[in-house]
Amino acid sequence: MQEFLLQYNLYIIIAHVLFVAIGLGGATITDVLFFKFLRDLKISEFESKVMNSLSQVIWISIGGIVLTGLLLLLGNPEYYLASSKFLAKMSIVGVLIVNGVVLNVFIAPKMTKIFSGKGQGSAEIKSFRKWAFACGAVSMVSWYSAFLLGSLQGLNLTYDILILSYGLLLCVALVGSQLAEKVFVRQLNR
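Everything quoted here is computed from the prediction, not taken from an experiment. (Residues numbered from 1 in each chain as written. Predicted model: local features only at pLDDT ≥ 70, side-chain atom pairs only at ≥ 80, totals over all residues. Heavy atoms only, no water.)

## Let's talk about the packing of aromatic side chains
Phase 1 of the analysis: A complete count under the given rule lists 11 aromatic pairs for this structure.
Phase 2 of the analysis: An angle of 75 degrees between the planes, with centres 5.5 Å apart, marks the rings of Phe34 and Phe133 as edge-to-face. Of this pair, Phe34 sits in helix H2 (residues 9–37) while Phe133 sits in helix H7 (residues 123–151), and the two are 99 residues apart along the sequence. For the pair Phe34 and Phe133, one class covers both residues: buried. (Phe/Tyr/Trp six-rings, centres within 6.5 Å; stacked < 30°, edge-to-face > 60°. Helix = DSSP H or I, 4+ residues; strand = E, 2+ residues; numbered from the N terminus. Buried < 20%, exposed > 50% of the residue type's maximum accessible area, 1.4 Å probe, protein only.)

Written out as structure tokens, the structure reads:
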């Protein structure tokens, strides 16, 4: 099996990069549309369906990333288990999966209610709205971090440094997301 995977390593890498590109593109488009849709301070049923369709594409790409990552690992376990970049990237994919579950299970089904313009003062809506902005930030930082880790060939940092850097970026993005949510609320209350 290992010889087979090594023989087709280039094709597995190409598929892996393609899945990352699709996921990164889907996540970027979803975030851009999210803010475009919020210009009227609400998200309609149609807009929510568009974002759900993009979410399905992102889930397919995450599945592809996990599968091709596993195939790469099985083809050359010594190399990949010693690669801090690979391990950090797979940890970030784990964050993407957890974040995606939160978005799809808890946030997406309530998207039109969260951003309807009605009942925006309730504690439940405030909480879900904050989570929606936070999950978007986690998604963007995670997708771009995974992309950069896969792209930067000469990067020789330890796993700890890579994850610490990622964590710091997440903190900055989460603060930014909550500031963006506050701006949204101010516009809503005008």
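## What about the environment of Ser91?
Phase 1 of the analysis: Here Ser91 lies in helix H5 (residues 84–107).
Phase 2 of the analysis: Taking C-alpha positions, Ser91 is 9.2 Å from Ala146, a pair spaced 55 residues apart along the chain.
Phase 3 of the analysis: Not counting residues within four places of it along the chain, the set of residues in contact with Ser91 comprises Tyr159 and Ile163.
Phase 4 of the analysis: One polar contact links Ser91 to Tyr159, side chain to side chain, over a distance of 2.7 Å. (Contact = heavy atoms within 4.5 Å. Polar contact = N/O pair within 3.5 Å; in protein donor to acceptor, adjacent residues only side chain to side chain.)

## What to know about the nonpolar core
Phase 1 of the analysis: In this structure, Phe34, Leu38, Ile43, Met111, Phe115 and Phe184 are the most contacted members of the largest nonpolar core, which totals 17 residues.
Phase 2 of the analysis: Looking at this core, the elements that each hand over two or more residues are H2, helix H3 (45–75), helix H6 (111–114), H7 and helix H8 (159–188).
Phase 3 of the analysis: Once you skip the residues sitting within four places of it in the chain, Leu38 turns out to touch Ile43, Phe115, Phe133 and Phe184.
Phase 4 of the analysis: If you look at the next biggest cluster of nonpolar residues, it comprises 11 residues, including Ile92, Val138, Val141 and Leu170. (Core = buried A, V, L, I, M, F, W, Y, C linked by side-chain atoms within 4.5 Å.)

## Side note on the packing of H2 against H7
Phase 1 of the analysis: One can describe the packing of H2 onto H7 by two numbers: an axis separation of 10 Å at closest approach and a directional angle of 150 degrees. Taken together, the axis directions place H2 and H7 in an arrangement best described as roughly antiparallel. Helix-helix and strand crossings are classified by hand; for H2 and H7 the assignment is left-handed. Two secondary-structure elements touch here, H2 through Val20, Gly23, Leu24, Ala27, Thr28, Asp31, Phe34 and Phe35 and H7 through Phe133, Gly136, Ser139, Met140, Trp143, Tyr144 and Phe147.
Phase 2 of the analysis: Residue classes in the contact of H2 with H7 are distributed as 10 nonpolar, four polar and one charged. (Axes fitted to C-alpha atoms, helices over the stretch in contact; angles between N-to-C directions. Parallel < 35°, antiparallel > 145°, perpendicular 65-115°, else oblique. Left-handed = near helix turned anticlockwise from the far one by under 90°. Nonpolar A, V, L, I, M, F, W, Y, C, P; charged D, E, K, R; others polar.)

## Regarding the packing of H3 against H5
Phase 1 of the analysis: It is at 11 Å that the axes of H3 and H5 come closest, and there the two elements cross at 150 degrees. In terms of axis orientation, H3 runs roughly antiparallel to H5. The way H3 lies across H5 gives a crossing that is left-handed. Of the residues in H5, those touching H3 at Ser55, Trp59, Ile62, Ile65, Val66, Gly69 and Leu73 are Phe86, Met90, Val93, Leu96, Ile97, Gly100, Val101 and Asn104.
Phase 2 of the analysis: Among the residues forming the contact of H3 with H5, the class breakdown is 11 nonpolar, four polar and no charged.

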